[in-house]
Amino acid sequence: MSRKSIARFLVIALLLSLLAGCSPSGTTTGTGTTSGSTTTASTSGDGGKQLSGVVRVAYAGAKADDGINELTGEPQRGFNTAIKELFNTKYPDVKVEVTAIPWTDYSTKLQSLLMSKSVDVLGSGGDERILYNQGFLRELDDLIAADTEFKPEELYAGAAWDNCIFNTSVDGKKFGLPGTLGYRLIVYDKQLFDDWGVEYLSDHPTPEEVLEKAALMTGKNPKTGEQNYGLWFDGNDAANSLYTTLGIYYGAPGFSGNIADGIKSLTMEFNTPAAAKVFEFFEKAVKFCNPGIVSSQGAENFGLEANNTAIFLERNPKVIIANYQAGGKSDTSMIDRFVPTLNFGPNGEGWVAADNIVIAKDAQNLDASWEVAKFLASHDFYEYLYKDLNWVPPLTPDKADFLDENDIYIKKALEIAQHSSVNAHDYLPELNSLEITPFVAGYIAQCVNGQNPAPQAAADDLQQRAAKWQTSLK
Amino acid sequence: MTKPRGILTGRGFFGKEDWIGYLFCLPMLIGIVVFTVYPMIDTFWMSLQQTNGINGVFVGFDNYASALTNSDFYKALGNTFYMGALGVLLGLPGSFILATLINRATFGKNFFKSIYFLPNIVSIVAISLIFKYFFAPTREGIINSLLSLFGVEPVGWLVNPKLAGLSVVLMGCWRLGYDAIIFLAGLQSVPRELYEAADIDGAGELRKWWSVTIPCMKHIFSFMIIMMTISQLKRFGDVYMIGTPTGNPSGSLLTMVLYIYRMAFQGHVVGYASAVAYILFAIILLFTLLNMRLNRQKD
């Protein structure tokens, strides 16, 4: 073979390899075929409405394929199976392509999909307000108004729908339907209360009651002799939820004014006497906590026999229910032992996160996309999310008729969600991430190390930071 | 002597057969342009805007000025230098000593090489989670449990802002194996005749190590200092896992890259984060040039 022939051969080989590298990794026409994290659930047949075409769904935290529930060890249906079983029976000609978005940097990934116009419907994982403000999402008011069968106010819990900051714009426009709710409860260990001879928490405790009882149960357990802690909360996460919940209780919303007039028009109020009381709570509370709260440690035995903490704040009790399910739903001893209560708000409310289903502004197939969005925010799909993935359905308590009768935690979470409403801090997610969260987490760490400034001084410092952030906005 | 080909010969970049070579380089060049050069230019452009990554307003060098007057920026810079200096000071001699010991082992050399390299194939996420339990601030923590045998009260390794940085650097020392392997390659290239000459001169083991091995390893040290400094200044994974994006406790684990991450991906102030990224780039470049210059002067 001449040098020229060898060169020609190599060039052709190179071009072919380039072509192979640039081509799609495979076209799927069947059901449940996966390629990376993108999967396809398609079907064919007759029946249902005259809807057809492809709807591309990207869902943060979704499980696209069937697998095993990591908490219970039970088989778990993926989104593809659920869509095939529950949606495609009604709309057989709509092909739903699901892309499961991992939680790590999900917001950026969703943003990329929206920028490249590669998605129609999104499970947006909590950052929908940012995506909406960036102009990527479609408002849904016209679709809701035109759909006479759709009665959202009868279906969704208060925190998930009524002026919900996560799916309602500052001027009252809806841009999302509820996907799932966050799950943060006050939970106490009855056994430790019994060991210490302390009266159980009331069903609607105040921060003062919690502090008082936590103080009584910190030290060597009178029965077992083991070190007990009266209280636990996540020192890193507290700024996201506990700080806000305490703000609701003490009447410290963080700012006043109408957000619709622009952030610059707001009056920052992070250093009112009521706001300082939140810092005062942290200063007092850390004395009864495992110092591991600073690094999110110390609650490893929550929900287990070896638990050594009496009261948990803003705790997700999923592990208790998962263990109960893994044990064949016969042993309710831990459910009996760990009791949830309402949160600190005047009506038992607290900070409730709601992830939403949103539609891209450039959605290709709007009618089908709307049906898919409604399906992902429907009773039937919530039932699947609850039974297979242990997700919290954003339903009114009376509509959540599929809950396990022993799941007292979800029932309590829905009760809290029903009472909860908009919270001011959520209007300013950037301020929350940049200033409030690091500041509050840092203050808690300072309290644990006995190096914290006075509560009012801390509140003044946060106020300055918030004001500086506000000034920096163009 | 053969005449040099290409541009120097006046035939331009493409000689008769050169295009094939360029064609083979093309995929890599396209990759570099698309995934390195373009992002660098775009990041610089974003650093001149107040932008969330989508919509932006041109603000000139305001983001740079804003970073250079921000106390959190200096906190992140200070933490990065502190942890970086500690990391190099502990990592460099540590890995060199480890390499020397492996090099002198009379048996099981490959076994030790594998064992010490093993931590490098474990994800930093897994390592961080495991070490969180090692460093737990109560007696349940493995290190505190051992210390309690000597009557030492529990230490807040990852809870006390004064100790958190040191704890994370100590955790990083678990991965010395990679650096040790590089040193080991250098150690094996030291001429044996020098050791034989030192033996004749009556030098002891320590003297040989100090006067023969270390001087012969000068270029490896130089390379390692540069690589370690760059790596330390880019610290992210472990501090993110342990300190969360807040860099807790009290921001003591807030490094420059963590700060950039928080700003860009949590606060969505992408323009500002881009400016900080460029400042970090300039710092790393400066350190690398300084290192290279110092080493050249020594030569």
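Just so it is clear, the model here is predicted, and its values are computed rather than measured.

Peer 1: It is not clear to me how the sheet that holds strand β10 (residues 219–220) of chain A should be interpreted in this structure. Could you clarify?
Peer 2: Strand pairing in a sheet relies on backbone hydrogen bonds, with the paired strands running either antiparallel or parallel. All names here are of chain A. Strand order in the open sheet made by the 5 strands is β10-β11-β14-β9-β15, with mixed pairing throughout. Each end of this open sheet is capped by a strand with a single partner; those strands are β10 and β15 (338–341). Where β10 and strand β11 (residues 227–232) come together, 2 bridges link them in antiparallel fashion. Bridging from a neighbouring strand, G219 pairs with N228 of β11. The strands touched by helix α16 (residues 408–419) are β9 (185–189) and β15; relative to β15, the strand with the most contacts, the crossing angle is about 10°.

Peer 1: What's the story with unusual backbone geometry in this structure? I'm lost.
Peer 2: Note: most residues except glycine have negative phi, and most peptide bonds are trans. Put simply, N248 of chain B and P249 of chain B share a cis peptide bond, and its omega is 5°. Residue placement: P249 of chain B occurs in the loop between α12 (237–243) and α13 (256–266). Of note, the phi angle at K329 of chain A is positive, near 60°, even though the residue is not glycine.

Peer 1: Would you explain the nonpolar core in this entry?
Peer 2: A general trend in soluble globular proteins is that nonpolar side chains are found buried together. Among the nonpolar cores identified, the biggest contains 170 residues, and F79, L177, L231, F233, F282, I311 and L313 of chain A are the most heavily contacted of them. Sequence-distant contacts of L177 of chain A, defined by excluding residues within four places in its chain, comprise L140, F150, Y156, W161, N167, D355, N356, I357, W370, A373, K374 and A377 of chain A. By size, the runner-up hydrophobic cluster in this structure holds 19 residues, among which are L187, M217, F221 and M228 of chain B.

Peer 1: Teacher, can you tell me more about the pairing of strand β16 (residues 354–359) of chain A here?
Peer 2: Looking along a regular strand, one sees the side chains alternate between the two faces of the sheet. All names here are of chain A. Of all 6 residues in β16, 6 are buried, a share of seventy percent or more. Across 3 bridges, the pairing between strand β7 (residues 121–123) and β16 is antiparallel. Bridged to V121 within β16 is I359. Bridge count between strand β8 (residues 177–181) and β16: 4 bridges; the pairing is antiparallel. Within β16, the position partnered with L181 by the bridge is A354.

Peer 1: In this structure, what is going on with the packing of aromatic side chains? I would like to understand it.
Peer 2: Pairs of aromatic rings are described using the distance from one ring centre to the other and the angle between the two planes. What the rule picks out here adds up to 50 aromatic pairs over all chains. Ring plane angle 65° and centroid distance 5.4 Å describe the contact between F44 of chain B and Y278 of chain B, whose orientation is recorded as edge-to-face. With F44 of chain B in helix α1 (residues 18–47) and Y278 of chain B in helix α14 (residues 270–298), this residue pair connects regions lying 234 residues apart in the sequence. You can call Y278 of chain B buried: its relative accessible area is 19%. By way of ring pairs, the aromatic residues Y59, F79, F87, Y91, F375, F381, Y384 and W391 of chain A are connected into one cluster. We note K174 of chain A situated over the ring of W161 of chain A; from NZ or CZ to the ring centre the distance is 4.1 Å.

Peer 1: I'm lost on the pattern of salt bridges in this one. Help?
Peer 2: Note on pairing: side chains with opposite charge can pair once their charged atoms come close. Residues and elements named next belong to chain A. Applying the stated criterion to the full structure yields 26 salt bridges over all chains. Taking the shortest distance from any N to any O, the salt bridge between R337 and E305 comes out at 3.5 Å. With R337 in helix α13 (residues 333–337) and E305 in the loop between α11 (273–285) and β14 (309–315), the pair connects residues that are 32 residues apart, well separated along the chain. Note on R337: relative accessible area 5%, which makes it buried. With a relative accessible area of 54%, E305 lands in the exposed category.

Peer 1: Would you mind showing me how to read the packing of helix α3 (residues 71–104) of chain B against helix α4 (residues 109–117) of chain B here?
Peer 2: All names here are of chain B. Following both chains from N to C, one finds α3 and α4 inclined at 155°, their axes separated by 8 Å at the closest point. If you check the angle between α3 and α4, you find them roughly antiparallel. Along this stretch, α3 crosses α4, giving a crossing that reads as right-handed. In this structure, α3 uses L98, I102 and N103 to contact α4, whose residues at the interface are K109, F112, K113 and Y116. For the contact of α3 with α4, the class distribution of residues is 4 nonpolar, 1 polar and 2 charged.

The rules behind each value
- Residues numbered from 1 in each chain as written.
- Chains lettered and ligands numbered in written order.
- Predicted model: local features only at pLDDT ≥ 70, side-chain atom pairs only at ≥ 80, totals over all residues.
- Heavy atoms only, no water.
- Pairing = 2+ DSSP bridges.
- Helix = DSSP H or I, 4+ residues; strand = E, 2+ residues; numbered from the N terminus.
- Contact = heavy atoms within 4.5 Å.
- Axes fitted to C-alpha atoms, helices over the stretch in contact; angles between N-to-C directions.
- Core = buried A, V, L, I, M, F, W, Y, C linked by side-chain atoms within 4.5 Å.
- Buried < 20%, exposed > 50% of the residue type's maximum accessible area, 1.4 Å probe, protein only.
- Phe/Tyr/Trp six-rings, centres within 6.5 Å; stacked < 30°, edge-to-face > 60°.
- Lys NZ or Arg CZ within 6 Å of the ring centre and 35° of its normal.
- Salt bridge = Lys/Arg side-chain N within 4 Å of Asp/Glu carboxyl O.
- Parallel < 35°, antiparallel > 145°, perpendicular 65-115°, else oblique.
- Left-handed = near helix turned anticlockwise from the far one by under 90°.
- Nonpolar A, V, L, I, M, F, W, Y, C, P; charged D, E, K, R; others polar.

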